[in-house]
Amino acid sequence: MNHLNKDQQNLDNILTDVKEQGMAYLNQIHERATASSGGVELINSLAAEGVGAEGALKQFNERFEPIIVASSGPRYWGFVTGGTTPAAIAGDWLTTIYDQNTQSAKGNGDISALIELETIQLLLSLFNLPHQFFGGFVTGATLSNFTCLAVARQWIGKQEGKDFAREGITDKVNVLSATPHSSSVKSLAMLGLGSNNIIPVKVMQGNREALDIADLELKIQALNGAPFILISSAGTVNTVDFDDFEAINRLKQKYNFWWHIDAAFGGFAACSPKYSHLVQGWENADSITVDCHKWLNVPYESAVFLVKEAHQLLQVETFQNSNAAYLGNPMENFSYLNFLPENSRRLKALPAWFTLTSYGKQGYQEIVESNVEMALLFSGFINNHPAFELLAPVRLNTVCFTLTDESHVPEFLNKLNATGKVFMTPTFYNGKKGIRAAFVNWRTSVADVNLATAAMLEILTEL
Ligand SMILES: *Cc1c(COP(=O)(O)O)cnc(C)c1O
């Protein structure tokens, strides 16, 4: 009997082994190292005969499992790395088991898009956003920014009576932004808009990354009425600064532009009455990017784009599968593949649906408020210790700091990360080498912050 048939008969045992191994990992995630020092020698040829799933699991455990770090654990504070709630794991497993190719919501074959459409409604409700947004899942905020900016590009063309999707880009597209995330800049490159073409808007005075509204208006006036795209921020990565959305609303009454908000993780401020003022007015944007594998705590890869329904035709013009005539009118015969980059897509919404349904608004309010509390606790430590210095005030969930002797930052961070007790990422802010610690994992507790600060104190003695 070949391995495939044997595995089919043995699937129960295989999945039991995987479940037990998964539980062992999750139960010890607090102890597992956040950095891996070793490497693995890679195999470059495939054996004629396989080893079966149990054999593969054994090989994985011998070769790769030991190098896997606790990036889904409570002290992985580098980048903006979320964890996985229990319900999200359950939903993710079922996504694999059912293995849908999520496109349509009725009719021929698979209709799993219904689950995706419902999940978008749940997210809009979580964020107190109006239901006039159409949304869908993509792999991450990078692809969400790409999707939103692609529709914005089509909108710009329409202002001049052109169809950029069909004709190509025939005019320079004006893009204004103060502190765009690198993925938006990358999206401009991918979209043929040119990553060098951003017209920079000044940031506000006083250690801010938010755009200066007066300067924004000057830059708009210099365009002499030409339409443009504004990329604004709901949470910059270094200091989690938010643009003033109420002020942008007022400009939107006066000028003709596409307003995009990158709210990859900052959008979750809406989950708590303590912080929702930060996103006040964001509902008037044309498009919004939100990551799910960060603060929603679902496994990679998961993010949503939210584009105003009023722009649906532009979205379909941008993404319609030109050789999919059998789909008919994309509005009547809805299929996700006419609204976003990918054609084949897994049911990414299911882990999000599980976790939203399991924990509700209250659950996410608690996660957000607890993470912010941990950021404040950590920043208190930074503030009170003479060897450290905050580079910016803590506005939400990220602490951006440096060493009083800035030249020690690289050595300090390398040594700290090498302990495997906590992981943070380097940055450069306000002309200084710095370190960022971002709190978006539901597991992070006071004990984790204490463990990390103890490790930091120890490294100080070694410098
Ligand atoms: C993380 C992040 C992105 C990129 O998201 P990916 O999910 O890594 O593609 C974009 N914008 C902001 C503000 C982010 O924090």
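Bear in mind that the values here come from a model prediction, so they are computed numbers and not experimental data.

Caption draft 1: Examining the sheet that holds strand β7 (residues 303–308) more closely. If you trace the seven strands from one edge of the open sheet to the other, you get β1-β7-β6-β5-β4-β2-β3, paired in mixed fashion. Whereas interior strands pair on both sides, the edge strands pair on one side only; in this sheet they are β1 (133–138) and β3 (198–200). Neighbour-to-neighbour, the strand axes of the sheet open up by a mean angle of 20°, direction not taken into account. Bridge count between strand β4 (residues 228–233) and strand β5 (residues 257–262): six bridges; the pairing is parallel. Directly across from serine 233, in β5, lies its bridge partner aspartate 262.

Caption draft 2: Summary view of the sheet that holds strand β8 (residues 388–390). As summarised here, the arrangement of the four strands in space is β8-β9-β11-β10, forming an open sheet in which the pairing is antiparallel. The sheet is open, and its two borders are formed by β8 and β10 (425–429), each paired with just one other strand. Each strand axis lies, on average, 40° off the axis of its neighbour in the sheet, ignoring direction. Here β8 runs beside strand β9 (residues 398–403); their pairing, made up of three bridges, is antiparallel. Within the sheet, the bridge partner assigned to glutamate 389 lies in β9 and is threonine 402. The sheet contacts of helix α11 (residues 349–384) involve β8, β9 and β11 (432–438), and relative to β9 the element is tilted by about 15°. Strands in contact with helix α12 (residues 409–418) are β8, β9, β10 and β11; relative to β11, the strand with the most contacts, it is inclined by about 30°.

Caption draft 3: Layout of the pairing of strand β6 (residues 287–291). Judged by how many residues are buried, β6 sits mostly within the fold: five of five residues are covered. Taking every second residue as pointing to the same face, both faces of β6 are buried, with Ser287, Thr289 and Asp291 on one and Ile288 and Val290 on the other. By the bridge criterion, three bridges tie β5 to β6 in an arrangement that is parallel. By the bridge assignment for β6, aspartate 262 is matched with threonine 289. Relative to β7, β6 runs antiparallel, the two being bridged by five bridges. Considered in β7, the bridge of threonine 289 is made with phenylalanine 305.

Caption draft 4: Local environment of the site of the ligand. With respect to spatial proximity, 14 residues lie near the ligand, and among them Thr142, Asp262, Asp291, His293 and Lys294 are the closest. Between a nitrogen atom of the ligand and a side-chain N or O atom of aspartate 262, the distance comes to 2.6 Å. Note that an oxygen atom of the ligand is positioned 2.7 Å from one of the side-chain N or O atoms of histidine 293. Contact with the protein chains hides 84% of the accessible area of the ligand, taken as 380 Å² for the molecule alone. No other element matches helix α5 (residues 141–159), which puts three residues into the shell around the ligand.

Caption draft 5: View of the nonpolar core. Of all hydrophobic cores here, the largest spans 91 residues; its most connected members are Phe127, Ile229, Trp282, Ile288 and Leu296. Looking at which domains feed residues into this core, each of domain 2 (88–354) and domain 3 (360–403 + 415–460) gives three or more. Contact partners of leucine 296, with chain neighbours within four places excluded, come to Thr85, Leu123, Leu126, Phe268, Ala352, Thr355, Leu356 and Tyr364. Formed by 26 residues, the second largest nonpolar core is a distinct cluster that contains Trp77, Ile382, Phe401 and Val422.

Caption draft 6: Layout of the packing of aromatic side chains. In the structure shown here, the tally under the stated rule is 24 aromatic pairs. The ring of phenylalanine 257 carries lysine 252 above its face, with NZ or CZ at 5.3 Å from the centroid. In this structure, arginine 345 is placed above the aromatic ring of tyrosine 336, and the distance from its NZ or CZ to the ring centre is 4.6 Å.

Caption draft 7: Representation of the domain arrangement of the protein. By domain assignment, the protein separates into domain 1 (3–70), domain 2 (88–354) and domain 3 (360–403 + 415–460). Centre-to-centre, using C-alpha coordinates, domain 1 lies 32 Å away from domain 3. Across the contact, seven residues belong to domain 1 and seven residues belong to domain 3. Summing both partners gives a buried area of about 490 Å² for domain 1 against domain 3, and 51% of it is carried by carbon and sulfur. The largest share of the area that domain 1 buries against domain 3 comes from His30, Thr34 and Ala35, three residues that together contribute 73% of it. Counting across the domain 1 and domain 3 interface gives zero salt bridges. At the junction of domain 1 and domain 3, the tally comes to two residue pairs in polar contact (both at pLDDT 80 or more). Of the residues contributing to the side of domain 1 that touches domain 3, the split by class is four nonpolar, two polar and one charged.

Criteria and thresholds
Counting from 1, residues in each chain are numbered in the order their sequence is written. Note on the predicted model: pLDDT of at least 70 is required for a residue's local features to be given, and 80 or more for side-chain atom pairs to be given and counted; whole-chain, interface and lining totals, by contrast, use all residues. Side-chain descriptors were evaluated using all non-hydrogen atoms of the structure, hydrogens and water having been removed beforehand. For two strands to count as paired, DSSP must find a minimum of two bridges between them. Segments assigned H or I by DSSP are reported as helices when at least four residues long, segments assigned E as strands when at least two residues long, and all are numbered from the N terminus. Between N-to-C directions, angles span 0 to 180 degrees; the directions come from axes that are lines fitted to C-alpha atoms, helices contributing only their stretch in contact. We call two residues contacting when some pair of their heavy atoms lies within 4.5 Å. The classification of residues rests on relative accessible area computed with a 1.4 Å probe and restricted to protein chains. Under 20% of the type maximum is buried, over 50% is exposed, and intermediate values are partly exposed. We call a residue near a molecule or strand when any one of its heavy atoms sits within 4 Å of it. Here a polar contact is recorded for every N or O atom pair within 3.5 Å, except that within protein the pair must consist of a potential hydrogen donor and a potential acceptor, and residues adjacent in sequence are included only if both atoms are side-chain atoms. Per-residue and other accessible areas were derived by the Shrake-Rupley procedure at a 1.4 Å probe size, with only the shown protein chains allowed to occlude residues. Put simply, buried Ala, Val, Leu, Ile, Met, Phe, Trp, Tyr and Cys residues joined by side-chain atoms within 4.5 Å make one nonpolar core. For each domain, the first and last residues come from an automatic or database assignment. Classification of ring pairs rests on two measures: the distance between centres of Phe, Tyr or Trp rings, Trp counted by its six-membered ring, which must be within 6.5 Å, and the angle between planes, read as stacked under 30 degrees, edge-to-face over 60 and tilted in between. Definition used: whenever NZ (Lys) or CZ (Arg) falls within 6 Å of the ring centre and also within 35 degrees of the ring normal, the charge is taken to sit over that ring. Accessible area that two parts lose when put together, with a 1.4 Å probe and added across both, is what the buried area reports. Counted as salt bridges are all cases of a side-chain nitrogen of Lys or Arg within 4 Å of a carboxyl oxygen of Asp or Glu. In the scheme used here, Gly and all other residues not listed as nonpolar or charged are polar, with Ala, Val, Leu, Ile, Met, Phe, Trp, Tyr, Cys and Pro taken as nonpolar and Asp, Glu, Lys and Arg as charged.

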